[in-house]
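# Fold and contact review
Spelled out from the first residue to the last, the chains are:
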Amino acid sequence: SLLAGALLALLAGPPAASSRGIPVACAQIATARAARAGGAPLMFVHIPKAAGTSVRAFIREHALAKDPAAALCDQLDLPSQLLAGPDVGYGPVSNCSIIVGHIPYGVAPGFNEARQPVYATLLREPIERTLSLYEYVLRQPHHYQLRHFANRTLSELIAASRTLNVAGSRDFDPAVLVRNRMVWWLCGVDCHPDSMALDAALARALVNLRSKIAVVGVTDDADAFAYTLSNVMGWPASGLQHENSKAGHDGRPARLTSADRDAMASVLLADRVVYRAAKTIAARQRRCLMGADALPETRMAGSAPAAGSQHELL
């Protein structure tokens, strides 16, 4: 299966550095720039607990600086029915030049084939993302998952997650902590464990990540993502400043035993695969913009961001 092959690849370690794929990355960035110049909207897929709050603030700041009248639409400010399905009227959303939010790949309300969005997304190391979600839920008195998490230890939640069939519908159960959420966000709006096996969802997520999402980043190097996005959008080169970095942090990060970490790694195999793919894509895009491989129309002026920039992530 795809997951079995992915496990072997992960066990083999990170891929060797290679220039293969750099021309494709450069061409994709150039295509995205041309699409934006032609009026295509930007859609940022905000995967929860992957620095999306900072990216949304970054997009808002730069978009409004370039055009104070920019039609920037945040999913948090949109009526939920506007993002509910293909049969709903999307009139107001079709006028947006930028949409940001917890919206899976493929939700392009009101846009016709000639005006398909330019997609961007940011991924986070899966175990770190899961622990961040756990800590976040425990700090939010009204979070819908709190009642499921509050009276169980982290080890108990991890053990319960490991016993599940992650290709089944309980992968979306709010009582489950460890689940391959990044795969399902990237797979798309019509993907759900009730009707799709995890193998199939992973395959589609990888296709979307590699060929349909124009700007791909990882939180390990969020500045490079910001530089690539700035290049596509025609904004001044800029790194990512984290917003509200201390808000809600109690200074007591969750601690994992080696057994818990192994269990999480096992359950999160599919998310680890898409994260590894995202790291490869992001590195190629970074090299395209900052290095000698850059096409003239994509090369970024100024110095490159420092590799491995770290942020506290929302």
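The rules we used
- Residues numbered from 1 in each chain as written.
- Predicted model: local features only at pLDDT ≥ 70, side-chain atom pairs only at ≥ 80, totals over all residues.
- Heavy atoms only, no water.
- Helix = DSSP H or I, 4+ residues; strand = E, 2+ residues; numbered from the N terminus.
- Contact = heavy atoms within 4.5 Å.
- Phe/Tyr/Trp six-rings, centres within 6.5 Å; stacked < 30°, edge-to-face > 60°.
- Buried < 20%, exposed > 50% of the residue type's maximum accessible area, 1.4 Å probe, protein only.
- Axes fitted to C-alpha atoms, helices over the stretch in contact; angles between N-to-C directions.
- Parallel < 35°, antiparallel > 145°, perpendicular 65-115°, else oblique.
- Nonpolar A, V, L, I, M, F, W, Y, C, P; charged D, E, K, R; others polar.
- Disulfide = S-S within 2.5 Å.
- Pairing = 2+ DSSP bridges.
- Polar contact = N/O pair within 3.5 Å; in protein donor to acceptor, adjacent residues only side chain to side chain.

## A look at the overall build of the chain
Looking only at helices and strands, the chain has 11 helices and 5 strands in total. The contacts of the chain with a sequence gap of at least 6 include a subset with a gap of at least 24, amounting to 72%.

## Examining the packing of aromatic side chains
Inspection of every chain in the model, using the stated rule, returns 4 aromatic pairs. With centroids separated by 4.5 Å and ring planes inclined at 50°, the aromatic side chains of Tyr105 and Tyr119 adopt a geometry described as tilted. With Tyr105 in the loop between β3 (98–101) and β4 (118–123) and Tyr119 in strand β4, the pair connects residues that are 14 residues apart, well separated along the chain. Taking the relative accessible area as the measure of exposure, Tyr105 reaches 15% and is therefore buried. The class of Tyr119 is buried, set by a relative accessible area of 4%. Summarising the aromatic geometry, the rings of Tyr134 and Phe149 are spaced 6.4 Å apart at their centres and angled 40° between planes, so their arrangement reads as tilted. Here Tyr134 is found in helix α4 (residues 126–139), whereas its partner Phe149 is found in helix α5 (residues 146–149), with 15 residues between them in sequence. Since its relative accessible area comes to 10%, Tyr134 is described here as buried.

## Examining the packing of α4 against helix α10 (residues 258–267)
One way to put it is that α4 packs onto α10 with a least axis distance of 10 Å and a crossing angle of 110°. Accordingly, the angle class assigned to the pair α4 and α10 is roughly perpendicular. Only Arg261, Met264 and Ala265 of α10 make contact with α4, whose side of the interface consists of Ile127, Thr130 and Leu131. Its residues assigned to classes, the contact of α4 with α10 shows 4 nonpolar, 1 polar and 1 charged.

## Overview of the packing of helix α2 (residues 22–37) against helix α9 (residues 222–233)
It is at 8 Å that the axes of α2 and α9 come closest, and there the two elements cross at 45°. Considering their axes alone, α2 and α9 lie oblique with respect to each other. Note on element contacts: α9 touches α2 through Thr228, Asn231, Val232 and Met233, opposite Ile29, Ala32, Arg33 and Arg36.

## Describing the state of the cysteines
Tallied over the entire structure, the rule returns 3 disulfides. One disulfide in the model links Cys73 with Cys96; its S-S distance is 1.9 Å. The chirality of the disulfide connecting Cys73 with Cys96 is left-handed, given an S-S dihedral of about -85°. With Cys73 in strand β2 (residues 72–74) and Cys96 in the loop between β2 and β3, this residue pair connects regions lying 23 residues apart in the sequence. Using a relative accessible area of 14% as the deciding quantity, one classes Cys73 as buried.

## Focus on the environment of Val218
Here Val218 lies in strand β5 (residues 215–218). Spatially, the C-alpha atoms of Val218 and Ala50 are 8.3 Å apart, while their sequence positions differ by 168 residues. Leave out the neighbours within four places in its chain, and Val218 touches Leu122, Leu123, Tyr275, Ala278, Lys279 and Ala282.

## Things to note about the sheet that holds β5
Sheet architecture is open: 5 strands sit in the order β2-β3-β1-β4-β5, paired in parallel fashion. At either end of the open sheet lies a strand with only one pairing partner, and these are β2 and β5. Neighbour-to-neighbour, the strand axes of the sheet open up by a mean angle of 15°, direction not taken into account. The pairing of β4 with β5 spans 4 bridges and is parallel. By the bridge assignment, Leu122 is partnered in β5 with Gly217.

## With respect to the pairing of β3
Of the two faces of β3, the one lined by Ile98 and Val100 and the one lined by Ile99 and Gly101 are each fully buried. The pairing of strand β1 (residues 42–45) with β3 spans 4 bridges and is parallel. In the strand pairing of β3, Phe44 is matched with Val100. Alignment of β2 against β3, held across 3 bridges, turns out to be parallel. Residue pairing across strands places Leu72 opposite Ile98, the latter belonging to β3.

## Re the environment of Lys279
With respect to the secondary-structure elements, Lys279 resides in helix α11 (residues 269–290). Apart from the residues within four sequence positions on either side, Lys279 is in contact with Val218 and Asp220. Separated by 3.3 Å, the side chains of Lys279 and Asp220 make a polar contact.

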